[in-house]
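The chain contents come next:
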Amino acid sequence: MTVLPIQRVSTGRNGVGAFILQCKKMDFHFCDWAGSSKGMNTFLKSFLPAFAQAHPQIEMTVSPRPGKHPVIIGHYINGKQQSFCVKNIDPSQVLQKAKLLRDASGEKPKKYSKPVSSINESVRGVWSPYHGNGLQV
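Model, not experiment: these values are computed from the prediction.

Participant: Explain the sheet that holds strand E2 (residues 59-64) to me, using residue names and the numbers behind them.
Facilitator: Strand-to-strand pairing in sheets goes through backbone hydrogen bonds, with the strands running parallel or antiparallel. An order of E2-E1-E3-E4 is seen for the 4 strands of this open sheet, with the pairing classed as mixed. Looking at which strands have only one partner, the edges of the open sheet turn out to be E2 and strand E4 (81-85). Across the sheet, the mean angle separating the axes of adjacent strands is 15° when strand polarity is ignored. With 6 bridges connecting them, strand E1 (residues 23-30) and E2 associate as parallel partners. If you follow Asp 27 over to E2, its bridge partner there is Thr 61. Together, E1, E2 and strand E3 (71-76) form the strand contacts of helix H1 (residues 38-46), whose direction differs from that of E1 by roughly 125°. Running at roughly 15° to E3, helix H3 (residues 91-103) makes contact with E1, E3 and E4 of the sheet.

Given below as structure tokens:
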């Protein structure tokens, strides 16, 4: 008797198998004239080409905004967007902000009251000293 493999294609789930990056587009806005864009201008010339080449799945757009502070805006697949003002910071810190936007999901931070969330609260139920036979001391 021969054993045949199952002829089935695995379904993709985020985090299992193929990972889908949540950030789909990043906009870099800067000013050529203003001093607050000095770090952003250096970032665009030295760090952005390598960053864009390392992440071809993210669309990168660079556009000037004369007379305004530099901003990085991340657009996500859920339709939301998140932005960081990067005025007066170093190019390496601009790169850290770009990586932060790349790794984010676009959702607002949620406060979790319980460390684990599940559909079933507990298999055993909620413990109380008044349930059961009680302990003899």
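Participant: Describe H3, naming the residues involved and giving the relevant values.
Facilitator: If you check H3, its first and last C-alpha atoms are 18 Å apart, about what 13 residues at 1.5 Å a residue would give, namely 18 Å. Every buried residue of H3 is listed here: Pro 91, Val 94, Leu 95, Ala 98, Leu 101 and Arg 102. Buried residues of H3 fall within an arc of 120° about the axis and therefore sit on the same side. Along H3, the residues that are exposed and aim more than 90 degrees away from the buried face are Gln 96 and Asp 103. Lining the buried residues of H3 we find E1, H1, helix H2 (48-54), E3 and E4.

Participant: Could you give an account of the pairing of E3, with specific residues and numbers?
Facilitator: Of all the 6 residues making up E3, 6 are buried; the element is thus mostly covered by neighbouring parts of the structure. A two-sided burial pattern is seen for E3, the buried positions comprising Val 71, Ile 73 and His 75 on one face and Ile 72, Gly 74 and Tyr 76 on the other. Across 6 bridges, the pairing between E1 and E3 is antiparallel. Across the sheet, the residue bridging to Phe 28 is Ile 72, located in E3. Turn length for the E3-E4 hairpin, with the two strands adjacent in sequence and antiparallel, is 4 residues, and the turn residue Gly 79 shows positive phi of about 90°.

Rules behind the numbers
- Residues numbered from 1 in each chain as written.
- Predicted model: local features only at pLDDT ≥ 70, side-chain atom pairs only at ≥ 80, totals over all residues.
- Heavy atoms only, no water.
- Pairing = 2+ DSSP bridges.
- Helix = DSSP H or I, 4+ residues; strand = E, 2+ residues; numbered from the N terminus.
- Axes fitted to C-alpha atoms, helices over the stretch in contact; angles between N-to-C directions.
- Contact = heavy atoms within 4.5 Å.
- Expected span 1.5 Å × (residues − 1).
- Buried < 20%, exposed > 50% of the residue type's maximum accessible area, 1.4 Å probe, protein only.
- Arc of directions from axis to C-beta.

From the geometry alone we can't say anything about function, so treat these as descriptive.
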